Amino acid sequence: LKSRQSMELDASHVVSDVFLAEPSVVSSSHHSSCELPLHDGPVRATDLAEFEPCGMEMAMTLNQADAVTGDELAPIKCHRWTFPGAEEFALRGNNYFSFVQCLLEMQRNVQVYEEGDVLAPNLVRACKLFVTGQCGKDYTGEMYHLFSHFLCNSRVFDEWEAFLRVAFEAPQASAETLLTMQVEQVWLRFRRLADTLEEIFGVLDRRYTWHHRLPKVGELLHEQIFRRCGLDVIVREFFSQEKTVNDTMKDIKRALRALDQRASERTLA
């Protein structure tokens, strides 16, 4: 058996591959046509206000729908964490354009930095005002669609799934210390992202999901991390019978039980 130190070194190597990828890297198909993304290299989320394009916060706060041309889409098209449909949303107006940029930056920051805000507080407030403003214009369903579309196509969940799959299939997966450490890497990042997204899209739970009996914002987020990333399988196979003193594992188990309970209630209904 490997020593704990050597296993931790193995894990840190995988972590560096998945979590600390250079955010300015883009696919080879984009190299020839793309300009620089929103920032030239990674910056901390708390510094985003200093680097944000002029008028970005104002566009979301006031829901300014000024036209956006295809030539202006380079920061979204070339972003390391762009997602299918991002450009189409951004073309709807300057408010959407700025909001999509924030969604991309949240993914970058949660992957590159192990702690801290995933988005500057002033931009979080602006994003929240944008969603609330759209709901006030009777576009609540459109906001729910944007949120669910982003979740289903977000690259961070694919990266977390790949990371957990490697950890789960590794010969030393039965080593509790190593597997717990790798699960924590994913869960703590997920919680930071989820907390911010719930703050931004929380208005949908009050104005939309309950009326249409749709999954709440937090439930959709937990569906992604457990079902799509396979975290539920890992928890049930390796940690279901154990009484752990690890606070992170306790949090994960509570969240999984709550998700299973809601799924059971929907089935009975």
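As the structure is a prediction and not an experimental result, all values here were calculated from the model.

Draft legend 1. Expanded view of unusual backbone geometry. Within the chain, Asn63 stands out as a residue other than glycine whose phi angle is a positive 50°. Mapped onto the elements of the fold, Asn63 is located in the loop between helix H3 (56-61) and helix H4 (74-77). Judged by relative accessible area, which is 10%, Asn63 ranks as buried.

Draft legend 2. Just the packing of helix H6 (residues 94-112) against helix H7 (residues 121-136), in detail. Following both chains from N to C, one finds H6 and H7 inclined at 130°, their axes separated by 10 Å at the closest point. As judged from the angle between their axes, H6 and H7 are oblique. The two elements H6 and H7 cross, and the hand of that crossing is left-handed. The segment H6 lies against H7, with Asn95, Tyr96, Phe99 and Cys102 engaging Leu123, Cys127, Phe130, Val131 and Gln134.

Draft legend 3. Fine view of the environment of Ala162. Residue position: Ala162 is located in helix H9 (residues 155-169). Along the sequence, Ala162 and Cys229 sit 67 residues apart, while their C-alpha atoms lie 7.8 Å from each other.

Draft legend 4. Fine view of the packing of aromatic side chains. Taken as a whole and judged by the stated rule, the model has eleven aromatic pairs. For the ring pair Phe99 and Phe201, a centre distance of 5.7 Å and an interplane angle of 80° mean the geometry is edge-to-face. Of the two residues, Phe99 sits in helix H6 while Phe201 sits in helix H10 (residues 176-201), which places them 102 residues apart along the sequence. Taking relative accessible area as the criterion, Phe99 reaches 0% and is therefore assigned buried. A residue is classified by how much of its surface remains accessible, and Phe201, at 0% relative accessible area, is buried. Here the aromatic rings of Phe157 and Trp160 are separated by 5.2 Å at their centres, their planes lie at 80°, and the arrangement is edge-to-face.

Draft legend 5. Broad picture of the nonpolar core. Formed by 72 residues in total, the largest nonpolar core has its most connected members in Phe99, Trp160, Leu197, Phe201 and Ile225. Sequence-distant contacts of Leu197, that is, excluding residues within four places in its chain, are made with Leu103, Met106, Phe147, Phe150, Leu151, Gly202, Val217 and Leu221.

Calculation rules
Residues numbered from 1 in each chain as written. Predicted model: local features only at pLDDT ≥ 70, side-chain atom pairs only at ≥ 80, totals over all residues. Heavy atoms only, no water. Helix = DSSP H or I, 4+ residues; strand = E, 2+ residues; numbered from the N terminus. Buried < 20%, exposed > 50% of the residue type's maximum accessible area, 1.4 Å probe, protein only. Axes fitted to C-alpha atoms, helices over the stretch in contact; angles between N-to-C directions. Parallel < 35°, antiparallel > 145°, perpendicular 65-115°, else oblique. Left-handed = near helix turned anticlockwise from the far one by under 90°. Contact = heavy atoms within 4.5 Å. Phe/Tyr/Trp six-rings, centres within 6.5 Å; stacked < 30°, edge-to-face > 60°. Core = buried A, V, L, I, M, F, W, Y, C linked by side-chain atoms within 4.5 Å.

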